[in-house]
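# Descriptive analysis of the structure
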Amino acid sequence: MAMSFQKPWFLARARRRFAMTRECAVLLPRVCAALADPRQPGSDDTCLEKLLDWFQELTLFDSTVQLVQDNPCLTEFITSVLALPEPSPSILSFTLRLAGILAASENRFQHLQQEKLLARLFGRDGPLNSAVWEDASVRSGWVQGVHNMMHHQPALHLLCSGGGIDVIFTLQGDPSLFVASAASQLLVHMLTLSVESETTKPLSTKDCDWPACAQMIIKRIEDSLQSSSASHIEQSLKLLTSLFGSCRATWTEVLWLGVAKQIESFLTEETVQVQHMLANLLLNMAWSPVFRDTEGSFWALVTSALEHLTPVQAGPLAVGILRLYKCPQDVRIQALTVLLQPMDCILRAASQPLEYAGLLDESVSDPVTVESLLSSRSSCANLLCQTLAHLEELLSLSRLPVDLPYTSLLRSLMTILQFCNGFLSPASPLGSTISRILINCFRVQRSALDVLAALSERKGSDTLIESLFDLLLAYLESPNTSPTVLKKTFQATSKWLVRLQELSCSNSQGQQTEKILEDVFLVLQKRLCSPCWEVRDSSLEFLTVLIKCLRDQDEFRQSLLSSEVPRLTENLLEDPESYVRASAVTAVGHLAFITYFAPEPPVVGNQYNKENTVAKLQEILSTDPEGFPRRAVISIFIKWLRQGCTGQLEDTEQFVSRVIQTVEHDLDWEVRLGGLELIEVFCSQTICQLGLPQCPYAPVSSAVTSSIHWNESLQVFCRAKLFSFLFRSLCDCDKPVGQRACDVLLGLRSNFYPVSTLEGSQGTGDSAVGHGIAWLQRTLRQGSLAQNFPTDGSNGVDFQDPENMMIALGAIELEELHDELNRSSDHVEKSPQSLLQDILATVGTIEENEADCY
Amino acid sequence: MLDCGLDMTSTLNFLPLPLVQSPRLSKLPGWVLKDGSTFLDKELKECSGHVFVDSVPEFCLPETELLDLSTVDVILISNYHCMMALPYITEYTGFTGTVYATEPTVQIGRLLMEELVNSIERVPKAQSASMWKNKEVQRLLPAPLKDAVEVSMWRKCYTMPEVNAALSKIQLVGYSQKIELFGAVQVTPLSSGYALGSSNWIIQSHYEKVSYVSGSSLLTTHPQPMDQASLKNSDVLILTGLTQIPTANPDGMVGEFCSNLAMTVRNGGNVLVPCYPSGVIYDLLECLYQYIDSAGLSNVPFYFISPVANSSLEFSQIFAEWLCHNKQTKVYLPEPPFPHAELIQTNKLKHYPSIHGDFSNDFKQPCVVFTGHPSLRFGDVVHFMELWGKSSLNTVIFTEPDFSYLDALAPYQPLAMKCVYCPIDTRLNFIQVSKLLKEVQPLHVVCPEQYTQPPPTQSHRTDLMIDCQPPPMSYRRAEVLTLPYKRRYEKIEIMPELADSLVPLEIKPGISLATVSAVLHTKDNKHVLQLPPKPPQPPASKKRKRVSDDVPECKPLKPLLSGSIPVDQFVQTLEKHGFSDVKVEDTAKGHIVLLQEAETLIQIEEDSTHIICDNDEPLRVKLRDLVLKFLQKF
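Residues numbered from 1 in each chain as written. Chains lettered and ligands numbered in written order. Predicted model: local features only at pLDDT ≥ 70, side-chain atom pairs only at ≥ 80, totals over all residues. Heavy atoms only, no water.

### Thoughts on the overall build of chain B
We apply this condition: Secondary structure elements follow DSSP: runs of H or I of four or more residues count as helices, runs of E of two or more count as strands, with numbering from the N terminus. Only C-alpha atoms enter the radius of gyration, while the globule expectation follows 2.2 Å times N to the 0.38, with N the number of residues. Relative accessible area decides the class of each residue, using a 1.4 Å probe on protein chains only: under 20% of the type maximum gives buried, over 50% gives exposed, and in between gives partly exposed. Residues are treated as being in contact if the distance between any of their heavy atoms lies within 4.5 Å.
For chain B, the helix and strand inventory stands at 17 helices and 31 strands. For chain B, whose C-alpha radius of gyration is 35 Å, the value lies well above the compact-globule estimate of 26 Å for 634 residues. Seen through its C-alpha atoms, chain B measures out along the principal axes to roughly 115 × 70 × 60 Å. The 634 residues of chain B split such that 48% are buried. Sequence-distant contacts, at least 24 apart, represent 70% of the contacts inside chain B between residues at least 6 apart.

Below you can see the structure in the form of structure tokens.
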């Protein structure tokens, strides 16, 4: 009821918004004439696309004929293009799509059909039988045009009666993939439209009284499926996949029952190789309640597919099934078997018979296929990488509808990683073959480490933790570990170290943890000295992650601080590679939380000189030639300020002031933006500390006391020279900076001017201050403050004077500025009027030339 | 002879030769036999459970029993590491042949020999141990001395005059230069990409090609890249000199080297790199050139100490044509191809002939020292091991793969200094070999037995062996191998005048034959068919023919016969001609026709017919003519 009440109002507003302006209506006939003129150079495709978008908007909320009646140039345009002996493919394609958009409403369809325009465009005598049909853009335009139009029965009938269905079916096999895919989508759309708009009573399996158009399509699908042509079968399977993916109506089951047997036969059919298409089809069906909720043959088919498809084909189906919450348990087990089988094979290949139970009960799985795939150099890595990617996908789900055997899975992963670095001497011939294939296979190493990282969050795999760390440390230590594999190893190690800490808290495995941490820092120390900058960079990132996650743990802090890692990290602040410097800044910034800013600073030597470190970071901020390290410094300063660390460091006000003065001239806009964020944090903290209510609507206890606070805060901000940076940033050449500055100023104003007091205080008066503010306002409006920035107060604006700034905050139209800044920079150029003018401008030159000639 | 390397691992059994008196070494206890006998205590010393020979180090020579080296005509050298035994061969075995090698190989080889001789000669040792070599005594010694092979053949180092004499027998060659060896074969050196001037060799005749691939590298380091294309179409490819550490990726090892170096120096320690004066050191210096600034090591001095340090650094800069493309282009700029020139200019790298003299004045710590010998038994490295071994701040980093680092360190135990093993061996690994063989496709591969099975310590690593089809032929020490090909053809040249005179006769479509009468002239394994000498002119006068004018008499040409004799028809013909008692016997090769009455025998075989009759020439001629009737003549 609420919707129907709102609808007329909503539609009226939408129509108004998307209606054609008078200016556009004036320009449109000339544009149409120009586009239909074969002498004109082909218009820019982007302009034509924008023009179509505009027509789409114009027709979206208006189904009347008004648009075509008021603008007869549109029908004239279509007529003249149809009359051209050799229209350009791009204009013809445009015309087809435009006609489709216009004919999307039945009223306009009938209007255009008065002159048989649509029949001429989309019928047998149209472009589809002309030479220009060879051009893929025309075929694509035709399909899109039909799709645009296909919203009512007259359109359906036009196509069905004119043999259009055959054309679309043929286009499914078009050499252009775009056309082929669009044709398939169109058929799905037509089938749905036909069944849903032309059926009067619900369809049932017994009574298949399909509407005529639907019947034609279904017949074609059935015929294709029964043909011996793999490409035809593939097209129909694709169509059905798409249909079941988009349409969840009950009639789809009726359709399915007609083709199910045939499709089922493809699983075992050896003459037609279309098995690879079946996984997607079944997966889309599994997501549809029509099939999912049935007890019947669908799930039996899925089970059969999981059994008959190759492990590579069945993988995506299996993982899709395992993501479903509603699925029979036996199917789920079968899907899990598909995914775990390669992992099981690995485990069995590596170990003595009966040494481990393996992952799977042998009775449910036939490992022959998987074993043969794993023994082949060409398929082994592919199968493992795919399986590992699926497992990672499953493990990343917050709620897994199935229990995975985590311990065995971890053992299998470790086995793969041991195969890859040649640490494992396999006990079986299969193991030897796999070992030979996998040694130094970086792809598999990366995938296995990803799953290993994901597995750390699952409980139940802790028994192997000691040997797991042996393996991870071997990878971290080995000079043969490639930089990308090392990065993944770092990621897995950090996750498992967190897990280790959780475990050691619960079961007092302190010594083991201490030893592991010691080893980790020893190897990290070496990696920080690597000649390969990627390795130094990932080592620093690893350190930062560790500090973030484990800084509250005593063992971790002690191990870290007693190692050489902190000193080496500080050395890397001078690394020649800017990415490494940036990562070193971040790491040093985080290290500070456990050295200088810790409640009880460590008593390990005297090497951590906080003043030096801060000075070093400030030096990087002011002198580093690259942006990344400077961005890293400002981010760290923001972090320190947010966590209230700078107060212990020195006077926060001075700190912020110094940083702001450094960053305000920075060439990197992200650094300037960081400066504004720092100001924002500082302002909110200052106002909080001084007791001013943050909410502008909160009651102010007494006018006198609050004005004292305002004064004090303002004085702090003025002393820190925040305002000059904030106002200058309003005109920053990089818009995000201006927007942020405006937000900060609006925030400040809301603090200093509660809503009730704002109106009265906006006058600037006639004083010198008033003149200054007026100048500022003018300059801001012109956007030229950055160029004309007063350095000496000569324009009457003193950015360090609280009174001046109080008036400025009240007087300057910050909301207006805010709107202005938030408008996209091409809002003028993006208008339809501008688009039409652009099109005319490109053809205008020709008109002028013609005038010159005659 | 392909290469003549010197096995220097024998030196690991000896005590190091310290440059200055080492109280530690001199106080080592003598070794006493289990039964308390002390007769070896002067010769053998014990250090941390290991026994060493206290004598001048000796080297294990190439096999001399199997072959009389004086019969060797040619030695082909692949690279400077593979010629270290040359003086022993050229100066002690009666060798009179020629040695072929490229110029950088000879020059740098000379430097290596010079360093070796210098390192040993400058520390003369009063005593020379030989008693332990007695087979009965050796049997009583602990391993590894007990298991040392042919210790009686171990020799002291050669001298500089011997080195010079050996090197004077070398003939310099350039890449792709074709060298004729006695007309029998042609040998060609090809770039092998491993070291300056390192070569693979092609040995080919007109119809056979044998490639000898030794010490090759496909990595981009300083030498000219490996020439693979010329190895194609080989009948046999002899493959040796693969990486000794197949599991150590050189890039990873260089990274490891740099990391450990930086860590040590940052902690205030010194780094010792035992190395050869040429080869990987150039790449290490180049790597450090890029690394030291980034690692904040700009102020740390790098010392290169070797009697040939200066020559090595300078030689490397002048062999432009033997360098990789990038380095060659630098020469035209003109810039020194190796960046160590800049390190020297900026005083970051300093080189000295020995620790005496200038070095002791300039020496600052912490520092990095490159010096030899990698065996740690002689050279300046011994001094630094003694000097720095006691502090755990210092690190010794092994980069040369030739010696087991644990064995090298054995006489220095107990050792506090850190030891890092980063063997950098750029030679082919098994994956690269597999790709190379797929590319080059030789008919047969011949290689040492070790390459056909996984390393003994990693028996599961089946990837660490040569994998090719057909499987490689392997050989082991002192095994004599027949290479799997037969020489079937020889090329013979026909002089143009002779060729002109031939009149081919087509006996089958597409096959023409011509009889050739010529003189086969063979010299230096080259065969030439020349026109036969002209028949003697009838004497113009009745002068008596002089002996010197007596040229071989050229008999009139007899026609060549072809075809086979159908025995039945032949018998009928004989009967027609009055031979009534003809009897035919079959033999393994043909038939025997017996004319009993005439006591004559005609032996008909596939390629010969004999008429055997006693002194009846008219009968023989008659029978011959009957036989000839059945044969074609041309």
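So, next bit.
### Focus: the UniProt feature "domain: Beta-Casp" (unreviewed entry) in chain B
Rules: UniProt positions are given in the numbering used here, feature names are shortened, and annotations may be inferred rather than shown by experiment.
On the UniProt side, "domain: Beta-Casp" (unreviewed entry) is annotated at positions that read residues 281-409 of chain B here. Here residues 281-409 of chain B runs as 43% helix and 12% strand, with 21 Å between its end C-alpha atoms.

### Thoughts on the nonpolar core
Here is the rule: As used here, the term nonpolar core means buried Ala, Val, Leu, Ile, Met, Phe, Trp, Tyr and Cys residues forming a set that is joined through side-chain atoms within 4.5 Å.
Among the nonpolar cores identified, the biggest contains 389 residues, and W142(A), F723(A), F727(A) and F370(B) are the most heavily contacted of them. Among the elements that line this core, the one with the most residues is helix α20 (residues 329-350) of chain A, at 11 residues. Counting 20 residues, the second largest nonpolar core, distinct from the first, contains L237(B), V433(B), C447(B) and I466(B).

### Some thoughts on the sheet that holds strand β14 (residues 302-305) of chain B
Residue and element names in this part refer to chain B. Operational definition: Paired strands, as defined in this entry, are two strands with at least two bridges between them according to DSSP. For helices, the axis comes from a line fit to the C-alpha atoms of the stretch in contact; other axes are also lines fit to C-alpha atoms, and the angle between any two N-to-C directions lies between 0 and 180 degrees.
Taken in spatial order, the six strands make up an open sheet running β15-β14-β16-β13-β17-β18, and their pairing is parallel. Only two strands of the sheet have a single partner each, and these edge strands are β15 (349-352) and β18 (418-421). Shown here is a sheet whose adjacent strand axes are inclined to one another by a mean of 20°, direction ignored. Note: strand β13 (residues 271-274) against strand β16 (residues 368-371), four bridges, orientation parallel. Looking at β16, one finds that V273 is bridged to F370. Together, β14, β15 and β16 form the strand contacts of helix α7 (residues 280-294), whose direction differs from that of β16 by roughly 165°. Together, β14 and β15 form the strand contacts of helix α8 (residues 309-318), whose direction differs from that of β15 by roughly 125°.

### What about the environment of L424(A)?
Residues and elements named next belong to chain A. Considering the arrangement of structural elements, one finds L424 in the loop between α23 (406-421) and α24 (429-438). On the basis of relative accessibility, which here comes to 15%, the residue L424 falls in the buried class. Sequence separation between L424 and P175 is 249 residues; the distance between their C-alpha atoms is 50 Å.

### What about the pairing of strand β10 (residues 199-204) of chain B?
Consecutive side chains of a regular strand alternate in pointing toward one face of the sheet and then the other. All names here are of chain B. Of the pairings in the sheet, the one linking strand β9 (residues 185-191) to β10 comprises six bridges and is antiparallel in character. Bridging from a neighbouring strand, Q186 pairs with Q204 of β10. Note that β10 and strand β11 (residues 209-214) share four bridges and pair antiparallel. The residue of β11 that forms the bridge with W201 is Y212. Here β10 folds back onto β11, and the loop between the two strands holds four residues.

### Describing the confidence of the model for chain A
As a reminder of what qualifies: The score called pLDDT rates the predictor's confidence residue by residue, from a low of 0 to a high of 100.
This prediction gives chain A a mean pLDDT of 85; 84% of its residues lie at or above 70. In the model, residues 693-705 of chain A has pLDDT below 50 throughout and makes nine contacts with residues more than four positions away in sequence or in other chains.

### Some points on the domain arrangement of chain B
So the rule is basically this: Note that the domain bounds were set by an automatic or database domain assignment.
Splitting chain B by domain gives domain 1 (9-173), domain 2 (250-421) and domain 3 (561-633). Here domain 1 of chain B and domain 3 of chain B have C-alpha centroids that lie 75 Å from each other.

### Side note on helix α40 (residues 735-752) of chain A
Rules: Take the number of residues in a helix, subtract one, and multiply by 1.5 Å to get its expected span.
Taking 1.5 Å of rise per residue, 18 residues should cover 26 Å, and α40(A) covers 26 Å from first to last C-alpha, within 8% of that figure. Listed in full, the buried residues belonging to α40(A) are V737(A), G738(A), A741(A), C742(A), V744(A), L745(A), L746(A), L748(A), R749(A), N751(A) and F752(A).

### Overview of the environment of I565(B)
All names here are of chain B. Residue position: I565 is located in the loop between β26 (561-562) and α16 (567-576). In this structure I565 comes out as buried when scored by relative accessible area, which is 12%. Note: C-alpha distance between I565 and K629 (64 residues apart in sequence) is 9.2 Å. If we skip the residues at most four places from it in the chain, I565 touches F570, I604, T609, V627, F630 and L631.

### Some details on the domain arrangement of chain A
Taken as a whole, chain A is organised into domain 1 (16-162 + 821-845) and domain 2 (310-461). Placing the centre of domain 1 of chain A and that of domain 2 of chain A at their C-alpha centroids yields a distance of 55 Å.

### Observations concerning the interface of chain A and chain B
The condition is simple: As used here, buried area is the combined drop in accessible area, with a 1.4 Å probe, of two parts when they are placed together. What makes a salt bridge here is a side-chain nitrogen of Lys or Arg within 4 Å of a carboxyl oxygen of Asp or Glu, nothing more. When residue character is reported, Ala, Val, Leu, Ile, Met, Phe, Trp, Tyr, Cys and Pro are called nonpolar, Asp, Glu, Lys and Arg charged, and the others, Gly included, polar.
In this assembly, 25 residues from chain A lie in contact with 23 residues from chain B. Carbon and sulfur atoms make up 52% of the area that chain A and chain B hide from each other, which totals about 1,900 Å². At the surface where chain A touches chain B, the tally comes to two salt bridges. For the salt bridge of D467(B) with R436(A), the shortest nitrogen-to-oxygen distance reads 3.2 Å. Secondary-structure elements contributing two or more residues to the side of chain A that touches chain B are α24, α28 (510-528) and α31 (565-571) of chain A. When grouped by side-chain class, the residues that make up the side of chain A that touches chain B number nine nonpolar, nine polar and seven charged.

### Some words on the pattern of salt bridges
Across all of its chains, the model carries 47 salt bridges over all chains by this definition. Close ionic contact of K169(B) with E91(B) constitutes a salt bridge, the shortest N to O distance being 3.2 Å. One end of the pair, K169(B), is in the loop between α5 (160-168) and β7 (170-173); the other, E91(B), is in helix α2 (residues 86-92), and 78 residues separate them in sequence. The exposure class of K169(B) is partly exposed, given its relative accessible area of 27%. With a relative accessible area of 28%, E91(B) lands in the partly exposed category. One salt bridge connects E150(B) with R477(B), and the closest N-O pair in it is separated by 3.4 Å. Linking E150(B) in the loop between α4 (135-138) and β6 (155-156) with R477(B) in the loop between β20 (473-475) and β21 (492-494), this pair joins segments that are 327 residues apart in sequence. Assessed through its relative accessible area of 35%, E150(B) is described here as partly exposed. With relative accessibility at 56%, the residue R477(B) sits in the exposed group. Through salt bridges with shared partners, a single network forms among E574(A), K616(A) and E619(A).

### What to know about the side chain of N270(B)
Residue and element names in this part refer to chain B. The condition is simple: Polar contacts, as used here, are pairs of N or O atoms within 3.5 Å; protein pairs need one atom able to donate a hydrogen and one able to accept it. Residues neighboring in sequence count only if both atoms are side-chain atoms.
Summarising the element assignment, N270 is placed in the loop between α6 (250-266) and β13. Only 2.5 Å separates the side chain of N270 from the side chain of Q365, close enough to count as a polar contact. If sequence neighbours within four positions are ignored, N270 has contacts with T264, Q365, P366, C367, W388, L393, N394 and T395.

### Here we look at the packing of aromatic side chains
The following threshold applies: For Phe, Tyr and Trp, where Trp contributes only its six-membered ring, two rings pair if their centres lie within 6.5 Å, and the inter-plane angle classes them as stacked under 30 degrees, edge-to-face over 60, or tilted in between. In our convention, an over-ring charge means Lys NZ or Arg CZ found within 6 Å of a ring centre and within 35 degrees of that ring's normal.
A complete count under the given rule lists 43 aromatic pairs over all chains for this structure. Between F521(A) and F556(A), the ring centres sit 5.8 Å apart and the planes meet at 50°, which makes this aromatic pair tilted. Of this pair, F521(A) sits in helix α28 while F556(A) sits in helix α30 (residues 554-561), and the two are 35 residues apart along the sequence. Between Y303(B) and Y352(B), the aromatic rings sit 6.0 Å apart at their centres with planes inclined by 55°, giving tilted as the arrangement. With Y303(B) in strand β14 and Y352(B) in strand β15, the pair connects residues that are 49 residues apart, well separated along the chain. Take Y303(B) and Y352(B): they sit in the same class, and that class is buried. Among the aromatic residues, ring-to-ring pairing joins Y303(B), Y352(B), F359(B), F363(B), F384(B) and W388(B) into one connected group. The aromatic ring of F338(B) is capped on one face by K327(B), whose charged end is 4.9 Å from the ring centroid.

### Things to note about the side chain of D235(B)
All names here are of chain B. Rules: For the purpose of charge, His is not counted, nor are the chain termini; Lys and Arg are scored as positive and Asp and Glu as negative.
By secondary structure assignment, the location of D235 is in the loop between β11 and β12 (236-240). Despite being buried, D235 has no salt bridge partner; K209 is the closest side chain of opposite charge, sitting 8.3 Å away. There is a polar contact of 2.7 Å between the side chain of D235 and the backbone nitrogen of K209. Ignoring sequence-local partners within four residues, the contact set of D235 consists of Y207, E208, K209, L443 and H444.

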